[in-house]
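Understanding the architecture of this molecule
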Amino acid sequence: MTVDTKYWTEGHATGGGRNGIAALKSGMLTVTMTSPKELGGSGAGHNPEELFALGYAACYLGAMRFAAQSEKLGTVPDDATVNAHVGIGPRSDGGFGLKVKLVVSMPGVEKDVAEKIAERGHFICPYSNATKGNIEVETEVA
């Protein structure tokens, strides 16, 4: 598989990684990073899992809109939402791993249509393509 890259961005981390500063090169976003209390940190800042959850939720919602329109599956309403729950913990074979649960809401859309749109969204979404086969991703259409 090849990717015809149309856009690049750059982030920079300093300090202790999970306990430091992360910023975009553009200067448009700077985040104080702190490990969550559940992993022994103070929880006073943000962590990579939070940023991943934001990115995945936004990207997947956009991918569902694209899939619905391009594949003529229906319309994703303006008040549709995606809540991305991202968990981290030790893996049974060492190191750490992630799990994701995406909760999709499309008010006014028949559940079978919403489920089809959600399914096709995974085909479009680069986060879904990056995680496929690498981490457990559960999708719930509410």
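Residues numbered from 1 in each chain as written. Predicted model: local features only at pLDDT ≥ 70, side-chain atom pairs only at ≥ 80, totals over all residues. Heavy atoms only, no water.

Summing up its helical and strand segments, the protein chain has three helices and six strands in all. Taken from the N to the C terminus, the helices and strands of the protein chain come in the order β-β-β-α-β-β-α-α-β. Judged by the C-alpha coordinates and their principal axes, the protein chain covers about 50 × 35 × 35 Å. Each of the 142 residues in the protein chain was classed as buried or not, and the buried ones make up 28%. Long-range contacts, defined as pairs at least 24 residues apart, comprise 45% of the intrachain contacts of the protein chain with a sequence gap of at least 6. (Helix = DSSP H or I, 4+ residues; strand = E, 2+ residues; numbered from the N terminus. Buried < 20%, exposed > 50% of the residue type's maximum accessible area, 1.4 Å probe, protein only. Contact = heavy atoms within 4.5 Å.)

Counting 22 residues, the largest nonpolar core has Tyr60, Met64, Val76, Val82, Leu102, Val104 and Met106 as the members making the most contacts within it. Elements represented by at least two residues in this core include exactly helix 1 (48–70), strand 4 (81–90), strand 5 (96–105) and helix 2 (111–124). When residues in this core are grouped by element, the largest group, eight residues, is from helix 1. Every residue in contact with Val82, bar those within four places of it in the chain, is listed here: Ala57, Tyr60, Leu61, Met64, Leu102, Val103 and Val104. (Core = buried A, V, L, I, M, F, W, Y, C linked by side-chain atoms within 4.5 Å.)

Parsing the protein chain into structural domains produces domain 1 (1–46) and domain 2 (48–141). The distance between the C-alpha centroids of domain 1 and domain 2 comes to 21 Å. A combined buried area of about 530 Å² lies between domain 1 and domain 2, and 65% of that area is made up of carbon and sulfur atoms. Per-residue buried area on domain 1 facing domain 2 is highest for Arg18, Leu39 and His46; these three make up 68% of the total on that side. On the surface where domain 1 and domain 2 come into contact, there are one salt bridge. For Glu49, the salt bridge goes to Arg18, with nearest N and O atoms at 2.4 Å. (Domains from an automatic or database assignment. Buried area = accessible area lost by both parts, 1.4 Å probe. Salt bridge = Lys/Arg side-chain N within 4 Å of Asp/Glu carboxyl O.)

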